Amino acid sequence: MGQKELKVAFLLALRSLQRGSRSSAILTVLIIGMCFTNMIFLPSMFSGIGQSITKQLVDYEVSNVLVSPKSGAQYITDIGTTLDLINGMPGVQRASPQYSKGATFKYRQRVLGVSVRAILPTDEKEVSPVYTKMVAGSYLGEGDTGEIIIGRPIAGDASVRQEDEFQPSLGGVRVGDSITIEYGNGYTKDYRVKGIYATGWSPVDSAAFVTWTDMEQVEGKTLDKADYITVRAKPGYTEQFIKNELLAYGVGVNGKVQTMTDLLSKSIGKVLQSFAIINMVSLIVSIIITTVVLFIVITIKTINSRKQIGILKAIGVDKEVIMHNYGFQVIILGILGIVLGIIITLVLAAYMSVHPIVTPEWSATLYITPWDLMINSVILFIAAIVAGYVPAYQVSREDIQTAMRA
Amino acid sequence: MIEIDNLRKTYHMGNVEVKALDGITLDIAKGEFLGIMGPSGSGKTTLLHMLGLLDLPTSGRIVIDGMDISKLTDYEKTMFRLYKLGYIFQDYALVPDLTVMENVSLPAMLRKDRNEDQYRKDSHGILQKVGLCDRRDHLPRELSGGQQQRVSLARAMVNKPEILFADEPCANLDSENSKVVLELFREINESMHQTIVMVSHENWHKEYFHRIVYLRDGVLDPARNQ
């Protein structure tokens, strides 16, 4: 099969598509485009959800490395020394402790159970982006006492009746309002709401933050323990490097050191595995649909052209040229379909970046990488070629008399 | 040019055996314009298809230009058809998605001894000869039956074949267009010393043929082939 033969096969394919049935060609391209979109949409959506959950876990829960109490212990103790040690290590941007205490919030006639988290605001700002998510008022200052920031779901909306609320709230607290907080140890205090935030991450939005100093007043003593310490790595340092450093410096004696990856594999690993199974099913179904559709399209084309194929062979056109003619038609339709699919997918991705899917637990956009586009394009392209060449091969082998009599 | 020895072709239609050709022996000389005539079902088209390597005989031998064609492989037969033979069919058999120029150039494009300039020049020349140069960018459906058959003739002649086979080329044409096509055949035969084998059942075509062989029931009709 030389260059001349391929050139003739390509010319026949091109002219057939240009001057043959336009509607058939357009519909075929549309089907391939839709199959491509189907192949990439669901996996990208699940990737988006996975990315969203991962990002929110990192931002609001565990950061890059989490130091938690050892098995059997309730708190990490000797927190002052531990923080000094961690903050002095190479690669560590900042470590921030959190200490939570259950409390009952009272505002007008509303009563609500909320977990109050104590933080060191300056350190926490380097570890978590909650301070960038203020929707009203401002973030906590280092020395603030008697002031609290709360999540928007806790603050509630005054225009929504209590029985219509999705989750219980204080019914419309605004910045500057005073709420009474009764802690589990019986300590009761009035707080001024300094700010209201909304991160989109439900566990944080359903909590409230006070300063470490304030919590020490609640506890009535210096607070030298924490529920956990989140550690942010400096750019260029890996989580594993930080973990190894922490263990090397003996932090592991006082607490359990885990990277974000360690934690993710435990927390959402099963979810991601389930997503992968659904993705595989979706991919296989799309490939089968594309293959079958193209097989039918090319089979119909060849059946309708049997007489012409016979004549081409009669005038000296080799069967390989005839086979590649249909092969090139499938390649052209496949490329156009894939390009259409990429355009549809990118338009959907752009739309969803502006209008993400939002749930109380997470928000998600399409997460598409060039590699995803490339690998799906290659898979679909191969499927299209197989689907096109099989009927083309069969018809090109038919003897001239049989073909011409069709 | 063509030697046919005891050529037989038998078709099986269920349990019925049909002898389409039943022992044809015939020689065709170079430059001859041979007419094959006979009633329907006499085996005219079958004989033409055997000679044109479009079908395989059940037995017998065909030698073209000194070559026993039964010894050729499938690919060699394709190349033989491309380089040495030209065909004209009853229904023109043009590729509907190609223009006149592309249809005519198609066999020439595949020849390894022709470059693009050569086959364009050859196609242009033969289109001028059949009087359709001004229609070279039209599609077949935009032409009349007579014009389409002239394109078919140009396509068959573009490679300057040794033998031109025509299977009732005027069957779908009115007498005026038939005459135009037959005159072209005659002109090509005389000016290029082109061997032409043509199947026909029109008596008035006889005047164009150098020689006529009559077939009846798959054999040469002894009464008419004196």
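Each chain has its residues counted from 1, following the order in which its sequence is written. Going through the entries in the order they are written, you letter the chains from A and number the ligands from 1. Where totals are concerned, whole chains, interfaces and linings use all residues; where local detail is concerned, this predicted model gives features only for residues with pLDDT of at least 70, and gives and counts side-chain atom pairs only at 80 or more.

Remarks on the overall build of chain A
Under the scheme used here, helices are H or I runs from DSSP no shorter than 4 residues and strands are E runs no shorter than 2 residues, and both carry numbers assigned from the N terminus. Along chain A, the regular secondary structure elements total 15 helices and 14 strands. With the radius of gyration taken over C-alpha atoms, the globule rule is written as 2.2 Å times the number of residues to the power 0.38. In terms of overall dimensions, chain A is more spread out than a globule: its C-alpha atoms have a radius of gyration of 32 Å, far above the 22 Å expected for 406 residues. Taken along its principal axes, the extent of the C-alpha atoms in chain A is 100 × 55 × 30 Å. Buried, partly exposed and exposed are defined by the number of other C-beta atoms within 10 Å of a residue's own C-beta, namely 20 or more, between the two limits, and 12 or fewer respectively, with C-beta atoms placed from the backbone. Residues classed as buried in chain A amount to 41% of the 406 residues present. Remark: residues whose backbone-derived C-beta atoms lie within 7 Å of one another are considered to be in contact. If you take every contact in chain A between residues at least 6 apart in sequence, the share linking residues at least 24 apart comes to 78%.

Some points on helix α2 (residues 74-84) of chain B
All of the buried residues along α2 of chain B are Thr-78, Arg-81 and Leu-82 of chain B. Taken around the axis of α2 of chain B, the buried residues stretch over an arc of 95°, which confines them to a single face. Among the structural elements, α12 (306-314) of chain A together with β6 (85-88) and α3 (100-109) of chain B are those in contact with the buried residues of α2 of chain B. Here, the arc refers to the directions that run from the helix axis to the C-beta atoms.

Considering the domain arrangement of chain A
Where interface size is given, it is often the accessible area lost as the parts come together that is meant. Looking at the assigned domains, one finds that chain A contains domain 1 (3-57 + 269-405) and domain 2 (76-226). Between the C-alpha centres of domain 1 of chain A and domain 2 of chain A there is a distance of 53 Å. Source of the domain bounds: an automatic or database domain assignment.

Some thoughts on the sheet that holds strand β5 (residues 67-68) of chain B
Residues and elements named next belong to chain B. Spatially, four strands are ordered β2-β1-β4-β5 in an open sheet, and the strand pairing comes out antiparallel. A strand with exactly one partner marks an edge of an open sheet, and here the two such strands are β2 (16-28) and β5. When strand β4 (residues 59-64) meets β5, the two strands line up antiparallel, connected through two bridges. Its bridge partner lying in β5, Ile-64 is registered against Met-67. Strand pairing is defined by DSSP finding a minimum of two bridges between the two strands.

Some points on the pairing of strand β3 (residues 33-37) of chain B
All names here are of chain B. Of all five residues in β3, five are buried, a share of seventy percent or more. Burial along β3 is two-sided: the residues Phe-33, Gly-35 and Met-37 and Leu-34 and Ile-36 are all buried. Note: β3 against strand β9 (residues 211-216), four bridges, orientation parallel. The partner of Leu-34 across the bridge, within β9, is Arg-211.

Details of the confidence of the model for chain B
Residues and elements named next belong to chain B. pLDDT expresses how confident the predictor is about each individual residue, on a scale running from 0 to 100. On average, residues of chain B score 90 in pLDDT, and 100% of them reach the 70 mark or higher. The weakest mean pLDDT in chain B belongs to helix α6 (residues 175-192) at 87; the strongest belongs to α3 at 94. Across the whole predicted complex the pTM is 0.75, and at the interface the ipTM reaches 0.88.

Describing the sheet that holds β6 of chain B
Residue and element names in this part refer to chain B. Strand order across the open sheet formed by six strands is β6-β7-β8-β3-β9-β10, with mixed pairing between neighbours. Of all strands in the sheet, those bounded by a partner on one side alone are β6 and β10 (219-220). Bridge count between β9 and β10: two bridges; the pairing is antiparallel. Each bridged residue has a counterpart across the sheet, and for Leu-215 the counterpart in β10 is Leu-220. The axes are straight lines fitted to the C-alpha atoms, using for helices just the contacting stretch, and the angles between their N-to-C directions are given from 0 to 180°. The strands touched by helix α1 (residues 44-51) are β3, β7 (163-167), β8 (195-199) and β9; relative to β8, the strand with the most contacts, the crossing angle is about 150°. Against the sheet, helix α5 (residues 145-157) makes contact with β6 and β7, and its axis sits at roughly 170° relative to β6, the strand it touches most.

A few points about the interface of chain B and chain A
On the side of chain A, 16 residues touch chain B, which itself brings 17 residues to the contact. Those elements that place two or more of their residues in the side of chain B that touches chain A are α2 and α3 of chain B. Gly is placed with the polar residues, together with every amino acid not listed as nonpolar (Ala, Val, Leu, Ile, Met, Phe, Trp, Tyr, Cys and Pro) or charged (Asp, Glu, Lys and Arg). Within the side of chain B that touches chain A, the residues separate by chemical class into 11 nonpolar, two polar and four charged.

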